[in-house]
Amino acid sequence: MSEALFEPAAFRTALREWLDANDLTPPPGDDSLDAHQQQHLRVLKALYDADWMRYGWPESAGGLGGPDILRAIVGEEVVGRGLDHPGPYSMLDVLTPTMIDYARPELAAEMVPRLLSGQESWCQGFSEPGAGSDLASLTTCAEQRGDQWVVNGQKVWTSFAQYATRCILLTRTGGPDTPNHEAITAFFVDLDSPGVTVRPLRTMHDVDEFCEVYFDDVAVPGDRMLGNVGDGWQLAMDLLPYERSTCFWQRIAYLYARFDTLINEVKGLGTASDSDLGEAYLALHTLRCRSRATQHRLAGGQKLGADTSIDKVLLAGAEQRLFDTVRDLLPGHIELTDDFWRTDYLYSRAASIYGGTAEVQRNIIARRLLDLGKE
Ligand SMILES: Cc1cc2nc3c(=O)[nH]c(=O)nc-3n(C[C@H](O)[C@H](O)[C@H](O)COP(=O)(O)OP(=O)(O)OC[C@H]3O[C@@H](n4cnc5c(N)ncnc54)[C@H](O)[C@@H]3O)c2cc1C
């Protein structure tokens, strides 16, 4: 370990040199989700073996310490160069802080290195068919039997569950008299446990990116509880700010790379007006400035909260603006071809849904940040 690398600019330079010298370019010809997942694990393994994935994570969980900003730099460089896709990579930024904060220290020390080194993937089991925006109404239940908890219920829209070894799962443990927000408990569940069924769901961009996950009398050891009984709502409130902000830093690098590709494609076509591209760039740049400030607040030790709903609204707006611009400037590409622009355009529609819908984020901004009351 080199403490000299704790300085962000030196870290970025050294990482860039390493990436230039160690070719992790994805093999050409296969753009399937299976291929993306294989590449994701390959890149993580190489980066972990060379220590890059360990910077910015605490030593208690297999990291090398240093400021949180270092891990943002790794994500930005890796995804911005097209070595990994932003979707699978973002799971690290969302799930790892929660494991570190809520798992028993021995469990975090055992499991976090497996995720960061690409030995395994995890998923986030929050949403249910009847509980998305209104997450507190979830019904998947866990009942204590001796040293174990027995889980029954169904989750849905669980991203990458078909590749996941384990799941951070929200369950209801309280009875009818327990207030909703004290009735939820989180577990770290092995997805190869008897009684778990994972069924991939096809998205409109034609990829099985998320899944239904069924739990049928699934026994979970008591020491896999994250926090204590009734801490699940607080865990969700602590996890969602990561899902609405820091995990976008590397996604933004991906969007900037796409913006550059767009500029190259429209050069010479004569279809571009400066204002089309300017609007897309302005939206991207605004998002990046906001996201940078959030990264620095996190690195400065501040706890992220409701203010990350602003990052989430800006992300959805910028991503959709960018691919609307592609639709306008490259006529027919999105409607008539199967190329990556079509995939990106369709997936950009999900940006105002995942991690909490745009309407719900605006409600949070109005009520909790602007104190505008309920209506
Ligand atoms: C690509 C993708 C990946 C996802 N990955 C995961 C994952 O890994 N794990 C996971 O747990 N979940 C995941 N989700 C689920 C996601 O969190 C939910 O889709 C989201 O929270 C919305 O819930 P819902 O789909 O049940 O819609 P609903 O909550 O039923 O909302 C339907 C509509 O009603 C609106 N609405 C609802 N309540 C209000 C309100 N109070 N005020 C105003 N409007 C309202 C919403 O904005 C929306 O337009 C993913 C979703 C997508 C699209």
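Quantities reported herein were computed from a predicted structural model and do not represent experimental measurements.

## Here's the deal with the site of the ligand
Piece 1. Close to the ligand lie 17 residues; Ser127, Ser133, Trp157, Thr357 and Glu359 are nearest.
Piece 2. Here an oxygen atom of the ligand and a backbone polar atom of Ser127 are 2.7 Å apart.
Piece 3. One of the side-chain nitrogen or oxygen atoms of Ser159 is found 2.8 Å away from a nitrogen atom of the ligand.
Piece 4. Taking 970 Å² as the accessible area of the ligand by itself, protein coverage stands at 66%.
Piece 5. For the shell around the ligand, the secondary structure elements donating two or more residues are β3 (148-159) and α12 (358-369).
Piece 6. If you tally residues by element for the shell around the ligand, the top one is β3, at three residues.
Piece 7. Residues that form the shell around the ligand fall into these classes: seven nonpolar, nine polar and one charged.

## A closer look at the domain arrangement of the protein chain
Piece 1. When its domains are assigned, the protein chain resolves into domain 1 (3-119), domain 2 (124-231) and domain 3 (244-369).
Piece 2. For domain 2 and domain 3, the distance between their C-alpha centres works out to 30 Å.
Piece 3. Of the residues lining the interface, four residues belong to domain 2; the matching set on domain 3 comes to six residues.
Piece 4. When domain 2 packs against domain 3, the two sides together hide about 470 Å² of surface, and 71% of this comes from carbon and sulfur.
Piece 5. Looking only at domain 2, the three residues that lose the most surface to domain 3 are Ser133, Met204 and His205, adding up to 86% of its buried area.
Piece 6. Taken together, the connections running from domain 2 to domain 3 amount to zero salt bridges.

## Examining unusual backbone geometry
Piece 1. Even without a glycine there, the phi angle at Trp157 is positive, about 65°.
Piece 2. Residue position: Trp157 is located in strand β3.

## A word on the environment of Asp84
Piece 1. Mapped onto the fold, Asp84 is located in the loop between α3 (69-80) and α4 (86-102).
Piece 2. For Asp84, a relative accessible area of 3% translates into the label buried.
Piece 3. Separated by 38 residues in the primary sequence, Asp84 and Ala46 place their C-alpha atoms 12 Å from one another.
Piece 4. Sequence-distant contacts of Asp84, defined by excluding residues within four places in its chain, comprise His36, His40, Val78, Val79 and Tyr89.
Piece 5. Only 2.6 Å separates the side chain of Asp84 from the side chain of His40, close enough to count as a polar contact.

## Observations regarding the packing of aromatic side chains
Piece 1. With the rule as written, the count across this model stands at 13 aromatic pairs.
Piece 2. Ring geometry for Trp149 versus Phe187: centroids 5.7 Å apart, planes at 50°, classification tilted. Note that Trp149 is positioned in strand β3 and Phe187 in strand β5 (residues 184-190), a separation of 38 residues in sequence. Across the pair, Phe187 and Trp149 agree in class, each one buried.
Piece 3. On the numbers, 4.8 Å between centres and 40° between planes, the contact of Phe340 with Trp341 is tilted.
Piece 4. The exposure class assigned to Phe340 is partly exposed, which follows from its relative accessible area of 31%.
Piece 5. Classification of Trp341 as buried rests on a relative accessible area of 0%.
Piece 6. Grouping aromatic residues by their ring pairs yields a cluster made of Phe6, Phe11, Trp18, Trp52 and Tyr55.

## Brief notes about the pairing of strand β2 (residues 141-145)
Piece 1. Sheet topology note: the β2/β3 ladder contains five bridges and is antiparallel. Across the sheet, residue Arg145 finds its bridge partner in β3, namely Gln148.
Piece 2. Between β2 and β3, which pair antiparallel one after the other, the connecting turn spans two residues, and Gly146 there sits at a positive phi close to 65°.

Definitions and limits used
Residues numbered from 1 in each chain as written. Predicted model: local features only at pLDDT ≥ 70, side-chain atom pairs only at ≥ 80, totals over all residues. Heavy atoms only, no water. Near = heavy atom within 4 Å. Polar contact = N/O pair within 3.5 Å; in protein donor to acceptor, adjacent residues only side chain to side chain. Areas by Shrake-Rupley, 256 points an atom, 1.4 Å probe, with all protein chains shown as cover. Helix = DSSP H or I, 4+ residues; strand = E, 2+ residues; numbered from the N terminus. Nonpolar A, V, L, I, M, F, W, Y, C, P; charged D, E, K, R; others polar. Domains from an automatic or database assignment. Contact = heavy atoms within 4.5 Å. Buried area = accessible area lost by both parts, 1.4 Å probe. Salt bridge = Lys/Arg side-chain N within 4 Å of Asp/Glu carboxyl O. Buried < 20%, exposed > 50% of the residue type's maximum accessible area, 1.4 Å probe, protein only. Phe/Tyr/Trp six-rings, centres within 6.5 Å; stacked < 30°, edge-to-face > 60°. Pairing = 2+ DSSP bridges.

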